[in-house]
Amino acid sequence: MDSIQLDDSWKNILTDIFQSQQMQHLKEFLRNEKNASRVILPHSSLWFNALNSTPLDQVKVVILGQDPYPTPGHAHGLCFSVLPDVKPIPKSLINIYKELQNDLGISNQSGHLQCWAEQGVLLLNSVLTVSSGQANSHQGKGWEYFTDTIIEKLNEQSRPIVFILWGNYAQKKGAIIDSQKHYVLKSPHPSPLSAYRGFFGSKPFSKTNEFLHSNGQSIIDWHT
């Protein structure tokens, strides 16, 4: 556990998880991938970037994604986000920005969402790694258990948190969230295949800020 670079607020509640059978299987899988000379994305220093960028006591909003971009130079540990200067911006993020423009009149050019994370938006993928060029290749290897635990810990927080669940995958993963305590926003996924089925017009950004303001918390500046 000492070798894992993880913010103390998260490390304090996740220590036991790293000793679990699921995480030991994940560790073995990742070691075998590395031994087979497969490139794992993002770099290991960024696997826990979402948690390190948004400490537990600072989480105000959670956006759930699925797994990292499999294109080298894109993923950096935050769901939907890409590293600075990546062009073109991924299609789902383009649609997120279209909704942001329609919702709050904000026009973003960079796909780098680090500034959202540093304001209290936990950009959490369900699976934290992927093999280069092989989408979904690390699903079912143990990361889901780890991130399910994170959601459980967030659900236990006494303060209200906004959970933004885009698409069936995120909504199933977030099924345990207590909607009587927290604010749960659900809509179709922003991917080109589903954005027109209700993602556009869902106004998640203004709804989030209205909720934060009404609960005495600072709102999110959604500019990048």
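All chains use their own residue numbering, which begins from 1 and follows the written sequence. Two thresholds apply to this predicted model, a pLDDT of at least 70 for residue-level local features and 80 or more for giving and counting side-chain atom pairs, whereas whole-chain, interface and lining totals are computed over all residues. Computation of side-chain values covers all heavy atoms of the structure but excludes hydrogens and water.

1. Observations regarding the overall build of the protein chain
- Each helix and strand counted, the protein chain has eight helices and six strands in total.
- Helical segments are the DSSP runs of H or I of at least four residues, strand segments are the runs of E of at least two, and each set is numbered from the N terminus. Secondary structure elements in the protein chain, listed N-terminal to C-terminal, are α-α-β-α-β-α-α-β-β-α-β-α-β-α.
- Put simply, the radius of gyration uses C-alpha atoms, and a globule should come to 2.2 Å times the residue count raised to 0.38. In terms of C-alpha radius of gyration, the protein chain reaches 17 Å, essentially the compact-globule figure of 17 Å for 224 residues.
- Relative to its full complement of 224 residues, the protein chain shows a buried share of 52%.
- Only heavy atoms enter the contact rule, under which two residues are in contact if any of them lie within 4.5 Å. A separation threshold of at least 6 residues defines the contact pool for the protein chain, and within that pool the share at least 24 residues apart is 68%.
- When the accessible surface of the protein chain is summed, it comes to about 10600 Å², and 48% of that surface belongs to carbon and sulfur atoms.
- The sign given to each residue is positive for Lys and Arg and negative for Asp and Glu; His and the chain ends receive no count. By convention, the charge on Lys lies at NZ, on Arg at CZ, on Asp at CG and on Glu at CD. Mean positive and mean negative side-chain charge positions of the protein chain (19 and 19 charges, respectively) differ by 7 Å. Think of it in three bands: with a 1.4 Å probe and only protein chains considered, a residue is buried below 20% of the maximum accessible area for its type, exposed above 50%, and partly exposed in between. To measure how exposed things are, a 1.4 Å probe is used in the Shrake-Rupley method; for residues, cover is taken only from the protein chains shown.

2. What to know about the side chain of glutamate 33
- Note on placement: glutamate 33 falls in helix α2 (residues 21-35).
- The class for glutamate 33 is buried, based on a relative accessible area of 10%.
- If we ignore the near neighbours within four places in the chain, the residues touching glutamate 33 are Arg38, Ile40, Ser131 and His138.

3. A few points about the packing of α2 against helix α6 (residues 143-155)
- With axes taken as lines fitted to C-alpha atoms, and helix axes fitted only over the stretch in contact, angles between N-to-C directions fall between 0 and 180 degrees. Relative to each other, α2 and α6 sit at 135°, their axes nearing to 8 Å. Considering their axes alone, α2 and α6 lie oblique with respect to each other. When α2 is examined against α6, the residues Gln22, Met23, Leu26 and Leu30 are found in contact with a partner set consisting of Trp143, Tyr145 and Phe146.
- Classes in brief: Ala, Val, Leu, Ile, Met, Phe, Trp, Tyr, Cys and Pro nonpolar; Asp, Glu, Lys and Arg charged; the others, Gly included, polar. Residue composition of the contact of α2 with α6, grouped by class: six nonpolar, one polar and no charged. These descriptions rest on fixed angle ranges, namely under 35 degrees for roughly parallel, over 145 for roughly antiparallel, 65 to 115 for roughly perpendicular, and the rest for oblique.

4. A closer look at the pattern of salt bridges
- Salt bridges are defined by distance alone: a side-chain nitrogen of Lys or Arg within 4 Å of a carboxyl oxygen of Asp or Glu. The full count for this structure, using the stated rule, is two salt bridges.
- Between aspartate 148 and lysine 173 there is a salt bridge; the shortest N-O distance is 2.5 Å. Taken together, the positions of aspartate 148 in helix α6 and lysine 173 in helix α7 (residues 167-173) put the pair 25 residues apart, joining distant regions of the chain.
- Residue aspartate 148 is classed as partly exposed on the basis of its relative accessible area of 30%.

5. Section: the pairing of strand β6 (residues 183-187)
- Pairing between two strands is assigned when DSSP locates at least 2 bridges connecting them. The sheet contact formed by strand β5 (residues 162-166) and β6 spans five bridges and is parallel. Each residue of the ladder has a partner; that of leucine 165, found in β6, is lysine 186.

6. Describing the packing of aromatic side chains
- Working definition: rings of Phe, Tyr and Trp (its six-membered ring) pair if their centres are within 6.5 Å, and the pair is stacked with planes under 30 degrees apart, edge-to-face with planes over 60 apart, and tilted otherwise. Counted according to the given criterion, the structure contains 15 aromatic pairs.
- Ring geometry for tryptophan 47 and tryptophan 143: centres 6.2 Å apart, planes at 80°, overall edge-to-face. Of the two residues, tryptophan 47 sits in the loop between β1 (40-41) and α3 (49-53) while tryptophan 143 sits in helix α6, which places them 96 residues apart along the sequence.
- Three or more aromatic residues link up through ring pairs in this structure, and these residues are Phe80, Trp116, Trp166, Tyr196, Phe199, Phe200, Phe205 and Trp222.

7. Examining the packing of helix α4 (residues 91-104) against helix α8 (residues 204-214)
- Here α4 crosses α8 at 60°, and the two axes come no closer than 8 Å. Taken as axis vectors, α4 and α8 run oblique relative to one another. Note on element contacts: α8 touches α4 through Pro204, Phe205, Ser206 and Asn209, opposite Ile96, Glu99, Leu100, Asp103 and Leu104.
- Across the contact of α4 with α8, the residue classes break down as five nonpolar, two polar and two charged.

8. Notes on α2
- In a helix, the anticipated span is given by 1.5 Å times the number of residues less one. With 15 residues, α2 extends 21 Å between its outermost C-alpha atoms, agreeing within 8% with the 21 Å of an ideal straight helix rising 1.5 Å per residue.
- If you check which residues of α2 are buried, you get Met23, Leu26, Phe29, Leu30 and Glu33. For α2, the arc enclosing every buried residue in end-on projection is 115°, short of the 170-degree limit, so these residues lie on one face. Exposed residues pointing more than 90 degrees away from the buried face of α2 are listed as Gln21 and Asn35.
- Those residues of α2 that are buried are in contact with β1, β4 (130-131) and α6. Of all possible arcs, the one meant is that of the directions from the helix axis to the C-beta atoms.

9. Digging into α6
- Counted at 1.5 Å a residue, the expected span for α6 with its 13 residues is 18 Å, and the 18 Å between its end C-alpha atoms agrees.
- When we look at burial in α6, the residues that qualify are Trp143, Glu144, Phe146, Thr147, Thr149, Ile150, Ile151, Leu154 and Asn155.

10. A short note on the side chain of glutamine 157
- In this structure, glutamine 157 sits in the loop between α6 and β5.
- Taking the relative accessible area as the measure of exposure, glutamine 157 reaches 19% and is therefore buried.
- Looking at glutamine 157, its side chain comes within polar contact range of the main-chain oxygen of lysine 153, at 3.0 Å.
- Setting aside chain neighbours within four positions, we find glutamine 157 in contact with Leu56, Lys181 and His182. Distance and chemistry together define a polar contact, namely a pair of N or O atoms within 3.5 Å, with one atom able to donate a hydrogen and the other to accept it when in protein, and with adjacent residues in sequence counting only for side-chain atoms on both sides.

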